[in-house]
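If you want the building blocks of each chain, they are given just below.
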Amino acid sequence: MFSRSFLAVAALSLSVAAAPAHADTACRFASEPRVLMEEGGPNADGSKLLQLWDVPDHPVLWSATAPESGGYRRFRDELAERKIETGPVRLLERSPTPNNRIVIRHADDWIGPANCLEMLMFGHQHGRLNTFENPSEFASIILRSPDRERLRVYYYTINHDGIGRMDPIVEPALADRQAGWEVLIALHSHVFHPGQPKIDGILAPSGPDADFHARFHAQSGVREARITNGVHTVRMPASSFDGFQRAADGNEVGSSSG
Ligand SMILES: [Zn+2]
């Protein structure tokens, strides 16, 4: 009796998940991005892109609803085909650096499924350069408008396995802050590198990442730093930034160590 009703509920939720999402609740950006800087072809190694989406702050963007098509769908299909390990704590335990051990201790509070906004951006980068064949990262800064109605989502990549100097994305975000926007999140990606435990989808800050987070917080009051591998995301509150081991590297994130 119990198991039959449980199965009925499970079947119902499966059919709900499989139904096409209503337009209002589909995971997508409500408008095209505005390109602020672009160098080189989108699919070439080393090409740069700085752009922003200016969109209504819709709850779906913060939900675990996945994009139905595009680069993110292809990323998940390929992830499954390649049978890649995605357990976030298992990945961290393979490389127990001091920073990785801090995240392991807080994993229950800090690590969760990637949200729609994070998946959209991860898919965008996977659509530019296949992250399995040509590992590359993106960085984002997410702000909320003074009237709290809109989000401004900066997105920056150099089509490289790291971001390098963050000034191109930090400067416009700080100008927005002067104009009254609230700096919510500094996000970047760490992609999967099967067989390379030190950099395999690690959801923890490298020394340069930790240094950037602490300094950007001092400049902007950013509330949270996040790192996503496209499947899971670690969400570190600003109060945790000083506990991480920092390696001063001149306003950079995601150098070769991730
Ligand atoms: Zn990094």
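Note that the structure is a prediction, hence the values are computed from the model and not measured.

Conventions and cut-offs
- Residues numbered from 1 in each chain as written.
- Predicted model: local features only at pLDDT ≥ 70, side-chain atom pairs only at ≥ 80, totals over all residues.
- Heavy atoms only, no water.
- Axes fitted to C-alpha atoms, helices over the stretch in contact; angles between N-to-C directions.
- Helix = DSSP H or I, 4+ residues; strand = E, 2+ residues; numbered from the N terminus.
- Parallel < 35°, antiparallel > 145°, perpendicular 65-115°, else oblique.
- Left-handed = near helix turned anticlockwise from the far one by under 90°.
- Contact = heavy atoms within 4.5 Å.
- Nonpolar A, V, L, I, M, F, W, Y, C, P; charged D, E, K, R; others polar.
- Salt bridge = Lys/Arg side-chain N within 4 Å of Asp/Glu carboxyl O.
- Buried < 20%, exposed > 50% of the residue type's maximum accessible area, 1.4 Å probe, protein only.
- 1 Å grid on protein atoms, 1.4 Å probe; cavity = no way out; pocket = protein on both sides within 12 Å on 5 of 7 lines; lining within 4 Å.
- Points joined across faces, edges and corners; volume = space filled by probe spheres on them.

Here we look at the packing of helix α7 (residues 167–178) against helix α8 (residues 207–220)
Their axes nearest at 11 Å, the elements α7 and α8 cross at an angle of 30°. Taken together, the axis directions place α7 and α8 in an arrangement best described as roughly parallel. Where α7 crosses over α8, the two elements pack in a sense that is right-handed. In this structure, α7 contributes Val 170, Leu 174 and Arg 177 to the contact, and α8 contributes Phe 212, Phe 216, Gln 219 and Ser 220. Partitioning the contact of α7 with α8 into residue classes produces four nonpolar, two polar and one charged.

Topic: the pattern of salt bridges
As enumerated under the stated definition, the model contains 16 salt bridges in all. For the salt bridge of Asp 200 with Arg 94, the shortest nitrogen-to-oxygen distance reads 3.9 Å. Here Asp 200, found in the loop between β7 (182–189) and α8, pairs with Arg 94, found in the loop between α3 (88–93) and α4 (98–105); they are 106 residues apart in sequence, far enough to count as distant. Its relative accessible area of 4% is what places Asp 200 among the buried residues. The partner of Arg 246 in a salt bridge is Asp 211, with the nearest N and O atoms 3.1 Å apart.

Things to note about the layout of surface pockets
If a probe the size of a water molecule is rolled over the atoms, the empty space left behind becomes visible. If you add up the space inside the second largest pocket, you get close to 240 Å³. What lines the second largest pocket is a set of 14 residues, among which Phe 29, Trp 53, Leu 120, Gly 123 and His 124 lie closest to the centre. Looking at the lining of the second largest pocket, the elements with two or more residues in it are α2 (71–81) and α6 (116–128). In terms of residues, the lining of the second largest pocket owes the most to one element, α6, which gives four residues. Partitioning the lining of the second largest pocket into residue classes produces seven nonpolar, six polar and one charged.

Taken by themselves, the reported measurements are silent on function.
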